[in-house]
Structure formats: structure tokens, C-alpha cells
Amino acid sequence: DAGITQSPRYKITETGRQVTLMCHQTWSHSYMFWYRQDLGHGLRLIYYSAAADITDKGEVPDGYVVSRSKTENFPLTLESATRSQTSVYFCASSESAGQGYEQYFGPGTRLTVT
Amino acid sequence: KQEVTQIPAALSVPEGENLVLNCSFTDSAIYNLQWFRQDPGKGLTSLLLIQSSQREQTSGRLNASLDKSSGRSTLYIAASQPGDSATYLCAVQATNSGYALNFGKGTSLLVTP
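First, a word on what this report is: a plain description of the structure on this page. (Residues numbered from 1 in each chain as written. Chains lettered and ligands numbered in written order. Predicted model: local features only at pLDDT ≥ 70, side-chain atom pairs only at ≥ 80, totals over all residues. Heavy atoms only, no water.)

Some points on the layout of surface pockets
Note the cut-off: Each cavity reported here is a set of points on a 1 Å grid over the protein atoms alone in which a 1.4 Å probe fits but cannot get out, each pocket an open set with protein on both sides within 12 Å along at least five of seven lines, and each lining residue one with an atom within 4 Å of a point. Grid points are joined across faces, edges and corners, and a volume is the space filled by probe spheres set on the points. Numbering of helices and strands starts at the N terminus; helices are DSSP runs of H or I of at least 4 residues and strands are runs of E of at least 2.
In this model, the largest pocket occupies a volume close to 440 Å³. Q37(A), L39(A), R110(A), Q38(B) and G41(B) are, among the 24 residues lining the largest pocket, the residues nearest its centre. Among the secondary structure elements, those contributing two or more residues to the lining of the largest pocket are β4 (31–38), β9 (87–94) and β11 (109–113) of chain A together with β9 (86–94) of chain B. Top contributing element to the lining of the largest pocket by residue count: β9(B), with three residues.

See below:
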């Protein structure tokens, strides 16, 4: 019963490099989300997906790319990492959307861009 | 844009006390309000979800209420324990937000033995 997992848990990369953060859920939830958590800002939505091959921007999408070829996976790619993307990234999933549907969060990936 | 505010930002109480955490939001057009717990360096654990049509939810020593018209929710923790020490986050799912959760900045709770 893995639930929702993220990898890697910790990553240090250099400015300008491409980085991909992985998210995998075992519940076959339709909706998946990527949030980032920063001191002073709380959690903010980057992208979300309503189903395989359906994605949409959130509040802070610039510099990020997502894809969802399979229901269970929702990778987040930083195309050219910047120091401002140093953050803790959380993936979440939800069975459906709207009233009554909880979002469940993964353990997070702590990313440092040097 | 939905704004979510949590008061107080930090709280320290002795073990055994009952306590209330507050959350307010600016737009009453919501699907759900969700309370989370976050331990240092860890992910978010969902505690309670209140649908917009509900007034409260209970789980063990936790009780969350929702007054949608006034844009307020409270999380009541009964008989607090040191293990309750964590940051508590309130999040609102607005009907115009694409199902995203809008989070408050949290209340950091310390329960001292």
C-alpha cells in the first residue's frame, strides 16, 4: 500500500540544468497536482492534471513542464533550473474533483539549486 | 483570488489544554475546506475535510467547524498532547480555482509536557 510516492526525496543541482521530479500514485486517482512550499508563501499550485494527457497551469507555472502519459505518474520538469526554484515540491492526488474529494499528499522533494 | 489567513501564526500550550486554531477565507464559493498537519521536514497529513454543505466534522480529539457565509473555520483540539506539536494548515478549494487548494501559512503548535 504505497499510496503516493515522490523521487528523489532530496536533490541538489546547478543553475541551468534540467531536473525531473517524479510522482507516482497507486490509487488510480484521476486528479494529480504539483505544489511548491516556500517560507513566507505557503503552498502554491504549479500544475495539475485531470486525467492522462490533460494538464493545466496553476498559480506559478513559469519554468516548469509537466506531462501525464499514464494515470499513475505525473512528472514535473524544470527545464533550466534557477535559484528561485529552490523549494520543497509536493505532489498530491485526488480521486475526483469537487465537493467531498480529499487531496492526498506525497512526502515531498527538497530541491536546492546552486 | 482566494486568500486564506490563519491565526495565530504560533501557539504554545501546556499539555492537557483544549485549544482552537482559526482559519478565515475571503471567497465563500468553495467546494471543501481541508485541515492538514505537517511535521518538520515531512509531508502533509490530511486531518479533516469539510464539504461546503457541512457545518462540522469530527475525528477523535479533533473537531473542525465551517461557517461558509462568514468565511471562517476553526479546528478544535481537545486534551492536547506533546505529540500534537506540528504545523497545522488550512486549505480551501474554491469553485473557480481549477480544484487547486489555496493554503494558509499555517499555525505552528507546540504542546509542552
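Structural notes on the packing of aromatic side chains
The following threshold applies: Stacked, tilted and edge-to-face are the three classes applied to pairs of Phe, Tyr and Trp rings, where Trp contributes its six-membered ring and a pair requires centres within 6.5 Å; stacked means planes under 30 degrees apart, edge-to-face means over 60, and tilted covers the rest. Type-normalised accessible area, obtained with a 1.4 Å probe on protein chains alone, sets the label of each residue: buried when under 20%, exposed when over 50%, and partly exposed for intermediate values.
For the coordinates displayed, the defined rule picks out twelve aromatic pairs over all chains. Look at F33(A) and Y48(A): their rings are 6.1 Å apart centre to centre, the planes differ by 20°, and that puts the pair in the stacked class. With F33(A) in strand β4 and Y48(A) in strand β5 (residues 42–51), this residue pair connects regions lying 15 residues apart in the sequence. Judged on exposure class, the residue F33(A) and its partner Y48(A) are both buried. A centroid spacing of 5.3 Å and a plane angle of 80° characterise the contact between F105(A) and F36(B), whose relative ring orientation is edge-to-face. Of this pair, F105(A) sits in strand β10 (residues 104–105) while F36(B) sits in strand β4 (residues 30–38), placing the two residues on different chains. Of the aromatic side chains, those joined through ring pairs into one cluster are Y31(A), F33(A), Y35(A), Y48(A), F105(A), Y31(B), F36(B), Y99(B) and F103(B).

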